[in-house]
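Structural features, examined
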Amino acid sequence: MCTRVIWTPDGRPAVVGRNMDWQSSLQTNLWITPRGVARNGAPSDPNPLTWTARYGSVVATAYDAAVPDGMNEKGLAAHLLWLVESDYGDRSDPAKAAGLEQSLWAQFVLDRFATVAEFVAYVEANPVQILAQPMRGTSGATTHLAVEDPTGDSAIVEYLDGVAHIHHGPQHTVLTNSPPYPEQLANLTRYDGLGGTAALPGTTLAADRFVRARYYRDRLPAPTSDGEAYAAVLSVIRNAAQPFSYPGAADEPNLSHTIWSTLCDLTNRRYAFASAYRTDIFWTDLTHADFTHARKLELDLADPTLSGDVTDRYREAELFSYAGA
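Here we summarise the structure given alongside this text. (Residues numbered from 1 in each chain as written. Predicted model: local features only at pLDDT ≥ 70, side-chain atom pairs only at ≥ 80, totals over all residues. Heavy atoms only, no water.)

Inspection of the secondary structure puts Tyr191 in the loop between helix 3 (181-188) and helix 4 (206-217). Once the C-alpha coordinates of Tyr191 and Pro201 are considered, the two residues, ten residues apart in sequence, prove to be 8.5 Å apart. With near-sequence residues (within four places) excluded, Tyr191 lies in contact with Gly196, Thr197, Ala198, Ala199, Leu200, Pro201, Asp208 and Val211. (Helix = DSSP H or I, 4+ residues; strand = E, 2+ residues; numbered from the N terminus. Contact = heavy atoms within 4.5 Å.)

Dropping the structure here:
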């Protein structure tokens, strides 16, 4: 499930597109999460990661219990994508690393960091253990993380055999799902235009989507406007989108269809959302959003009238509770 692409054309904003592929509705809503909120990353763990939000953010939720996608007011974006090979390690000795529940992983990044470099430095200096969680429709959620900022800097974090593997740099432009990222990069070299001679693959398997997204992303024409840059990235992630299909088994979320997409303008701080079940695209302008600690704001995506700039259509609500591990 899922495809993520970042593009930074000369003279235009850094733009990120992401598809969310899932077997059924995630009952997603958008939230403006404020600065100043104190969080406990694992309330039932003896050594939880705790922090206070430095930055406000706009996030898309799963079941209003987890954050798989979002962008903060500094233009840092974070995305969780499925990776069945993820292994966060044994939790028999909590003293070795602070615990962070998977539902809060992306939220922690958005709350605390302004740049990718700042995030990577923290991860390298502070042992944190992600705590895997069950999720509706699956036998257990396993994800990797992609992070980007307005400079075009990028990082991908995968936990394999209990160790965090960080791939840091602007060259890391595409992410899908299995196999793990180094194997995806090696697979690229088999294809025409990417180092090999094989024809571009056409299936919706994660490895094939990775190849196509990288191939087309690297060949996008220079845009003449910000709108053209947005459309170009949308064209790439739509090529990697999965059509509506019969849902696979609970242990095969990679066979899911695309249910929504997001588009982040990291430079101008715009977060756009497009449901696969409706024709309208709408966006939040983070430069005009209210991130004060006193307010927690929700945008109900069941509203059929949503279209265009919806920044002023969020309404005060009690902030949702993150799912426990």
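Past the structure itself, the notes keep going.
Turning to the environment of Val84, a few remarks are in order. Structurally, Val84 can be placed in the loop between strand 8 (77-82) and strand 9 (98-101). With 144 residues separating them in the primary sequence, Val84 and Glu228 have C-alpha atoms 35 Å apart. Discounting residues that sit within four places of it in the chain, Val84 has contacts with Thr142 and Ser178.

Right, let's talk about the sheet that holds strand 17 (residues 281-285) for a bit. Spatial strand order, 14-1-2-15-16-17-19: seven strands in an open sheet with mixed pairing. Two strands lie at the open edges of the sheet, namely strand 14 (174-175) and strand 19 (308-309), each paired on one side alone. Strand direction decides the pairing type here: strand 17 and strand 19, joined by two bridges, are parallel. When the sheet's bridge partners are listed, Trp283 is paired in strand 19 with Asp309. Of the strands in this sheet, strand 1 (3-7), strand 2 (15-22), strand 15 (257-265), strand 16 (270-275) and strand 17 touch helix 5 (residues 226-239), which is tilted by about 30° from strand 2. (Pairing = 2+ DSSP bridges. Axes fitted to C-alpha atoms, helices over the stretch in contact; angles between N-to-C directions.)

In this section: the packing of aromatic side chains. The tally for this structure, following the rule as stated, stands at 16 aromatic pairs. Seen in terms of ring centroids, Trp31 and Phe320 are 5.2 Å apart; in terms of plane orientation they differ by 65°. Their pairing is edge-to-face. Note that Trp31 is positioned in strand 3 (residues 30-33) and Phe320 in the segment after strand 20 (315-316), a separation of 289 residues in sequence. Aromatic rings pair up to connect Trp51, Phe108, Phe113, Phe119 and Tyr122 into one cluster. Across the ring face of Tyr215, the terminal group of Arg219 is positioned such that the distance to the ring centre comes to 3.8 Å. (Phe/Tyr/Trp six-rings, centres within 6.5 Å; stacked < 30°, edge-to-face > 60°. Lys NZ or Arg CZ within 6 Å of the ring centre and 35° of its normal.)

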